[in-house]
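# Working through the structure, step by step
One-letter residues, chain by chain:
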Amino acid sequence: MSEEQDLPVRGTSRRTVIGWGGAGLALGAAAAGGAAALARGGDGIAPVADSGAAVPFHGAHQAGIATAVQDRLHFAAFDVKTTDRAELVQLLKDWTRAAERMTAGAEVGDGAYGGLAEAPPDDTGEALGLKPSRLTLTIGFGPTLFDGRFGLKDKRPGALVELPKFPGDNLDPARSGGDLCVQACADDPQVAVHAIRNLARIGFGKVAVRWSQLGFGKTSSTTPDAQTPRNLFGFKDGTRNIAGTETERLAKHVWVSGKDAEGPAAWMDGGSYLVARRIRMNVETWDRTPLGEQEDIFGRDKREGAPVGKAKEHDEPFLKAMKPDSHVRLAHPDTNAGATILRRGYSFTDGTDGLGRLEAGLFFLAYQKDVRTGFIPVQTSLGRADALNEYIQHVGSALFAIPPGVRGKDDWWGRALFS
Amino acid sequence: MRAVRLSVVTAAATAAALTAVTGCAEKSDAKGADGAVTVIAKDDSCEVSKKEFPAGHVTLAVENRGSKVTEVYVLHPDDRIVTERENIGPGTKATITAEIKAGTYTIACKPGMVGDGIRQQVTLTGAGAATAERSPEMDAAVAAYRQYVQAQADATLPKVKVFTDAVRAGDMDAAKKAYAESRIGWERTEPVAESFGDIDPKVDVREDGLEEGQDPAKDWTGWHRLEKALWKDKKLGAAEKQLADTLDKDLADWVKRVGKAEITPTSMANGAKELLDEVATGKVTGEEERYSHTDLVDFKANVEGAQKSFDLLKPVATKNDPKLVAELDKQFAALNTLLDKYRTDKTSYVFTSYEKVGPAERKELSDGVNALAEPLSKLAAAVVK
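Note that the structure is a prediction, hence the values are computed from the model and not measured. For every chain, the first residue of the written sequence is number 1, and numbering continues from 1 onward in sequence order. Each chain takes a letter, starting from A, and each ligand takes a number, starting from 1, following the order in which they are written. With the structure being a predicted model, the display of local features is reserved for residues of pLDDT at least 70 and the display and counting of side-chain atom pairs for 80 or more, all residues being used for whole-chain, interface and lining totals. Note that the side-chain values use all heavy atoms of the structure and ignore hydrogens as well as water.

### Brief notes about the overall build of chain A
Counted only if it meets this: Working definition: helices are DSSP H or I runs of at least four residues, strands are E runs of at least two. Numbering for both runs from the N terminus. Per-residue accessibility, obtained with a 1.4 Å probe over protein chains only, is compared with the maximum for each type, and a residue is labelled buried under 20%, exposed over 50%, and partly exposed between these values. In this analysis, two residues are considered to be in contact whenever any of their non-hydrogen atoms come within 4.5 Å of each other. To be clear on the numbers: accessible area is Shrake-Rupley with a 1.4 Å probe, and residue cover counts the displayed protein chains and nothing else.
If you tally the helices and strands in chain A, you get 9 helices and 9 strands. Going through the 419 residues of chain A one by one, you find that 58% of them count as buried. Contacts in chain A between residues at least 24 apart in sequence constitute 76% of all its contacts with a sequence separation of at least 6. Carbon and sulfur atoms provide 53% of the accessible area of chain A, an area that totals close to 16,300 Å².

This is the structure:
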């Protein structure tokens, strides 16, 4: 699908402001599992954060995957502390109910005030008065959840592999792995942080936060009409990302179905697989790199984001015109037997490290129907040869099976897995 | 020790103000609504002239006919103090007046000003002045907790003396050995212990808790100052010996006053949670005992104190929220099991040095604290439901 194709939305084109689903215009809901958003329009930057719309929580697929990418992220990985399966199931139900409320902009439980003076309120309160801000909460199950503690061994999908050691990886176990994850995306960081904080609180005793990451300034888009946002190196990347409305590409590359949802993976029908990587960027050395070299490394020009020799960012790249070790050439589907992933990465800056260097980088999130044909081949070729490797290092890594969406009020996160 | 005091357990002075009780001793204002009630205090008896008298403006005419200095208390059924008069010398008289609502109270004389005192029950009668209803279970819980707090405080003094004697003797090894144990009683009752705002900074402040303009060399007293002397400076000089004297004196003051702390069922419940907060902010990080690394001893004592409160409130909480009680039983057991990993003898308070507890183990301890503290924060609600 090309970005020139207009969508039949009340006669407006996708180059103008588009409202999806929650804003009153149902569009692509089947594919996106309830994607609803106001997206960036045209070439300008619309203040999407002000729209405050709510993204429907229920759907065939979980929201937060094909949903138009929000501006902010709080991603958390949890270790399950209980060994009681029933307790874990109850937590997933409790979390589902809390997620339904928070994504709709409501308070958790009995709310943040008005209760007993002697007891802490159910809701922590910092999101009071804020709009839903397109909050999406997306849950995932890590490989370690299937280690036998909860009788799930037989349900571990073949695609939920251990990621191989990629060249250049310098992974910190304290920033890697996890039995569960929750991705909270919203246009307001306070809304995203509130969501994770309250889920963690509900989970104390059953689960414990293993690590978490805040992100800002989405670095990829699931709305191809919009300009691709830039990463902290100042470049556009992932311009050919799968859009939330591209039903066919989503079915082909993102949603688990058919033979991929058979046997141990039957519960994954309608789900996806998520790779999360914390990629530290050495921004200081990058900033001292000559412009020409920077552009060669990416295989794009810095101003427009156009592939080497082309005029516009969305122009089809001619890979042979690029250096063999350029990022775009190595990451392109044509170099990787057609491997395509849906990216939802965010920049992060956690202040500075002890040496005064910006503790910054890219928190890379990629959804695909099978990592063995998605992330793994792409990262294998990138890790081996990417010219960018001189400036980046993968320091955290995790893989999660993302179950299908919650279908209604009686449904809950992981029902198909645990039933 | 906490930098900011948020305790719901407040000192008796506040309680007196809140309940509109005036407790003062005057020379000859012996006029109650029904004439003065006399209290004859002896070394082995405490005779109250009337067992039943009208509520309202009450006057107690106290005469100490014993040989020891005494004090006289009027107590609520849960041992909260309505009013009291200290330091009544042998052969002297004192008058206590107070506005007291109708209800049942205890009058206690404490010859020698120690112990629970010689007690008797009195009933104050009168319409329109009924005291707030409180269940006997709650009163029993509070009374038992008050006794626990006092017993912990009483038991602390001799243990502190072992420590301070060693400091005075210049015996580093003996002092190091006695240090952590001398703090257990304090740590078990920390929210109450800290409620005396003037004592806590004297005995349990860390160097970073000093204010701008305070000189660590002069103004820093208490356990942690001696901890630094023992483990970091490795010297016990004249200054340290004097600090040992000061610690004895300040803690003796605390022991005397601890019975006057205002304690209610909800303050007990929230106090239990606060003990876990102490663990979460100071112990699990290793900040509290940064020189001795005996954080796990404090940790254990904080958990024990919290568990005591919980156990005493259980009869009430079980009626209102049995699920919560079951969860708390489970989480207390889990945390205690986790702590036992760090001591070889479960009857002793010799724990692994916190220096040797690695980041992953600290995370596990922190997770255990969160798992207990979160449901514990709901105990107060279950008690007052």
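More follows now that the structure is in view.
### Thoughts on the interface of chain A and chain B
What counts here: Summed over both partners, the accessible area lost on bringing two parts together, with a 1.4 Å probe, is the buried area. Definition used for salt bridges: Asp or Glu carboxyl oxygen within 4 Å of a side-chain nitrogen of Lys or Arg.
Across the contact, 12 residues belong to chain A and 15 residues belong to chain B. When the two sides are added together, the surface that chain A and chain B hide from each other amounts to roughly 1,100 Å², 54% of it contributed by carbon and sulfur. Where chain A meets chain B, there are 3 salt bridges. A salt bridge links B:K330 to A:E87; the shortest N-O distance between them is 2.4 Å.

### A word on the packing of helix α8 (residues 223-233) of chain B against helix α9 (residues 238-257) of chain B
Residues and elements named next belong to chain B. Keep this limit in mind: All axes are obtained by fitting lines to C-alpha atoms, using only the stretch in contact for helices, and the reported angles, taken between N-to-C directions, cover 0 to 180 degrees. Here is the rule for angles: anything less than 35 degrees is roughly parallel, anything more than 145 is roughly antiparallel, 65 through 115 is roughly perpendicular, and the remaining ranges are oblique. When the near helix sits turned anticlockwise from the far one by under a right angle, the crossing is termed left-handed; a clockwise turn instead gives a right-handed crossing. Throughout, the ten residues Ala, Val, Leu, Ile, Met, Phe, Trp, Tyr, Cys and Pro are labelled nonpolar, Asp, Glu, Lys and Arg are labelled charged, and all others, Gly among them, are labelled polar.
Their axes nearest at 10 Å, the elements α8 and α9 cross at an angle of 155°. The angle between α8 and α9 falls in the class roughly antiparallel. Here the hand of the crossing between α8 and α9 comes out left-handed. Counting all contacts with α8, which are made through W223, R225, L226 and A229, the residues of α9 involved are E240, L243, A244, L247 and L251. Per-class residue counts for the contact of α8 with α9 are 7 nonpolar, no polar and 2 charged.

### A short note on the nonpolar core
Under the convention used in this document: Take the buried Ala, Val, Leu, Ile, Met, Phe, Trp, Tyr and Cys residues and link them wherever side-chain atoms come within 4.5 Å; each set so joined is a nonpolar core.
B:F163, B:W223, B:W254, B:L296, B:F299, B:L365 and B:L379 are the most contacted members of the largest nonpolar core, which has 76 residues in total. If near-sequence neighbours (up to four positions away) are discounted, B:W223 is found in contact with B:V160, B:F163, B:Y179, B:S182, B:R183, B:W186, B:V203, B:D204, B:L247 and B:L251. In terms of nonpolar packing, the next biggest core, distinct from the first, is built from 70 residues, A:F57, A:W95, A:A186 and A:A265 among them.

### With respect to the state of the cysteines
All names here are of chain B. Put simply, the rule reads: Cysteine sulfur atoms are paired as a disulfide whenever they come within 2.5 Å of each other.
In total, this model carries 1 disulfide over all chains according to the counting rule given. Covalent S-S linkage joins C46 and C109, the inter-sulfur distance amounting to 2.0 Å. Residues C46 and C109 share a disulfide whose torsion about the S-S bond is about 55°; that sign makes it right-handed. A residue pair is termed long-range when its members are at least 10 positions apart, and C46 in strand β3 (residues 46-48) and C109 in strand β9 (residues 103-109) qualify at 63 residues.

### Side note on unusual backbone geometry
Residue and element names in this part refer to chain B. If you check the backbone angles, M113 has positive phi at about 60° while not being a glycine. Here M113 lies in the loop between β9 and β10 (118-125). With a phi close to 55°, K234 is a non-glycine residue in the positive phi region. Looking at the secondary structure, you find K234 in the loop between α8 and α9.

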